[in-house]
Amino acid sequence: MNRAFNRKKDKSWMHTPEALAKHFIAYNAKFLGHTEVDQPKGTEVVRDAVRKLKFQKHIKKSEGQKIPKVELQISIYGVKILDPKSKEVQHNCQLHRISFCADDKTDKRIFTFICKDSESNKHLCYVFDSEKCAEEITLTIGQAFDLAYKKFLESGGKDVETRKQIGGLQKRIQDLEAENSELKKQLQVLEEQLMIAQVPPGNSMSSKTPTDIFDMVPFSPMTPLVPLPASNGSAPPPPARPTEMRRDLFGAEPFDPFTCGAADFPPDIQSKLDEMQRQRWRGSKWD
């Protein structure tokens, strides 16, 4: 292992100070995970942690699980571990809590650092797998330490307290974001339950009388007509049946001039009708 903090005086760093002080340097890597260690530094301590996490990596591969990919954002304030797609911060390792950083000379893909957890105060060793950038990432973290130390000397130690306050605020923001996400999920569940409660049961729709396209109840000759009650509460009288009589195509009574009474027509018309009646009688007689 190679400890990245032992910088030679003639070493030239890879990035400009402004890139690490005002922004960050991003790298992609596979995250093997983190494990608790007994000491804040040491080659043997890191080697044991790498061996342990590599063994867990082989077990996950045999079970069909893939090693998750992450994005590392390195600056003078620390190392952030993010999801490369959603950009959600998974771990925020503040620089003043990182006590050791190294890359594996026997396996050039592996690099690691030890950071003290802000909540449990335990030392955790983070292990990563990067096929091409393991050594470069280690040197970038070392450059961030160098710039942070220079800034510490220039500020007389006040900058460290500021970074601690900023780190505490960032942790609080992460907690609030996680709490907000959980509340959104609970609200969504309540809205779905409310929508289900407002939907009427299926049997209530089947009891409704079907209607046609004009929203009218279809007529059925098999359905008896039920008379509506009268305004005084008593049942209305049954409808009177009209006297059956022969009617023509238009619903009118047929006209028969020979069956009409004499009082229905004037005298001159009545005399003509009488004459026609006599001629009709004579013709039927001779026939």
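So, a few notes on the structure that sits alongside this text. (Residues numbered from 1 in each chain as written. Predicted model: local features only at pLDDT ≥ 70, side-chain atom pairs only at ≥ 80, totals over all residues. Heavy atoms only, no water.)

**A few points about the overall build of the protein**
Right, on to step 1. When helices and strands are tallied, the protein shows 6 helices and 8 strands.
Right, on to step 2. Helices (α) and strands (β) of the protein occur, in sequence order from the N terminus, as β-α-β-α-β-β-β-β-β-β-α-α-α-α.
Right, on to step 3. Looking at the protein as a whole, 25% of its 287 residues qualify as buried.
Right, on to step 4. Taking contacts inside the protein between residues at least 6 apart in sequence as the whole, the part at least 24 apart equals 58%. (Helix = DSSP H or I, 4+ residues; strand = E, 2+ residues; numbered from the N terminus. Buried < 20%, exposed > 50% of the residue type's maximum accessible area, 1.4 Å probe, protein only. Contact = heavy atoms within 4.5 Å.)

**Observations concerning the side chain of Lys57**
Right, on to step 1. If you trace the backbone, Lys57 turns up in helix H2 (residues 43-62).
Right, on to step 2. A relative accessible area of 12% means that Lys57 is categorised as buried.
Right, on to step 3. In contact with Lys57, not counting residues within four places along its chain, are Leu32, Ile67, Arg109 and Asp129.

**Notes on the packing of aromatic side chains**
Right, on to step 1. Tallied over the entire structure, the rule returns 6 aromatic pairs.
Right, on to step 2. On the numbers, 5.2 Å between centres and 20 degrees between planes, the contact of Phe113 with Tyr126 is stacked. Placement of the pair is Phe113 in strand E7 (residues 110-116) and Tyr126 in strand E8 (residues 123-129), with a sequence separation of 13 residues. Of the two residues, Phe113 and Tyr126, both sit in the buried class.
Right, on to step 3. In this structure an aromatic cluster arises from ring pairing among Phe31, Phe111, Phe113, Tyr126 and Phe128. (Phe/Tyr/Trp six-rings, centres within 6.5 Å; stacked < 30°, edge-to-face > 60°.)

**What to know about the pairing of strand E3 (residues 69-75)**
Right, on to step 1. Of all 7 residues in E3, 6 are buried; the element is thus mostly enclosed.
Right, on to step 2. As defined by bridge partners, strand E2 (residues 25-37) adjoins E3 across 6 bridges and the pair is classed as antiparallel. Bridge pairing in E3 links Asn28 to Glu71.
Right, on to step 3. The pairing of E3 with strand E4 (residues 78-82) spans 5 bridges and is classified as antiparallel. (Pairing = 2+ DSSP bridges.)

**Topic: the pattern of salt bridges**
Right, on to step 1. Following the criterion strictly, the structure yields 8 salt bridges and no others.
Right, on to step 2. Residues Lys122 and Glu36 are paired through a salt bridge, measuring 4.0 Å at the closest nitrogen-oxygen approach. Placement of the pair is Lys122 in the loop between E7 and E8 and Glu36 in strand E2, with a sequence separation of 86 residues.
Right, on to step 3. Look at Lys122 and you get partly exposed, because its relative accessible area is 40%.
Right, on to step 4. For Lys54, the salt bridge identified is with Asp107, shortest N-O distance 2.8 Å. With a gap of 53 residues between them, Lys54 in helix H2 and Asp107 in the loop between strand E6 (98-103) and E7 connect regions that are remote in the sequence.
Right, on to step 5. If you follow the salt bridges from partner to partner, you end up with Lys54, Asp107 and Arg109 in one network. (Salt bridge = Lys/Arg side-chain N within 4 Å of Asp/Glu carboxyl O.)

**Observations regarding helix H3 (residues 134-155)**
Right, on to step 1. With 22 residues, H3 should cover 32 Å at 1.5 Å per step; its first-to-last C-alpha distance of 32 Å lies within 8% of that length.
Right, on to step 2. Burial in H3 covers these residues: Ala134, Ile137, Thr138, Thr140, Ile141, Gly142, Gln143, Ala144, Phe145, Asp146, Leu147 and Ala148. (Expected span 1.5 Å × (residues − 1).)

**Here's the deal with the nonpolar core**
Right, on to step 1. Core analysis: the largest hydrophobic core is formed by 29 residues, its most contacted members being Ile74, Ile98, Phe113, Tyr126, Phe128 and Ile141.
Right, on to step 2. At the level of secondary structure, the elements contributing two or more residues to this core comprise helix H1 (17-21), E2, E3, E4, E6, E7, E8 and H3.
Right, on to step 3. Here this core gets 7 residues from one element, more than from any other, and that element is H3.
Right, on to step 4. Apart from the residues lying within four places of it in its own chain, the contact partners of Phe113 are Val79, Cys93, Ile98, Phe100, Cys101, Leu124, Cys125, Tyr126, Phe128 and Ile141. (Core = buried A, V, L, I, M, F, W, Y, C linked by side-chain atoms within 4.5 Å.)

**Focus on H2**
Right, on to step 1. Its 20 residues place the ends of H2 29 Å apart at the C-alpha level, agreeing with the 28 Å of an ideal helix rising 1.5 Å per residue.
Right, on to step 2. Every buried residue belonging to H2 is among Val45, Val46, Ala49, Val50, Leu53 and Lys57, and all of these are buried. Along the axis of H2, the buried positions cluster into a sector of 125 degrees, meaning they face one direction only. With respect to the buried face of H2, the exposed residues turned more than 90 degrees away are Phe55, His58 and Ser62.
Right, on to step 3. The elements touched by buried residues of H2 are E2, E6, E7 and E8.
Right, on to step 4. Just downstream of H2 lies Gly64, where phi reads positive at about 90 degrees. (Arc of directions from axis to C-beta.)

**Structural notes on a nonpolar patch on the surface**
Right, on to step 1. The grouping of Tyr149, Phe152 and Leu153 at the surface amounts to a nonpolar patch, some 310 Å² of accessible area in total.
Right, on to step 2. Locating Phe152 in the fold gives a position in helix H3. (Patch = residues over 30% accessible without salt bridge, like charges linked within 9 Å, V, L, I, M, F, W, Y side chains within 5 Å. Areas by Shrake-Rupley, 256 points an atom, 1.4 Å probe, with all protein chains shown as cover.)

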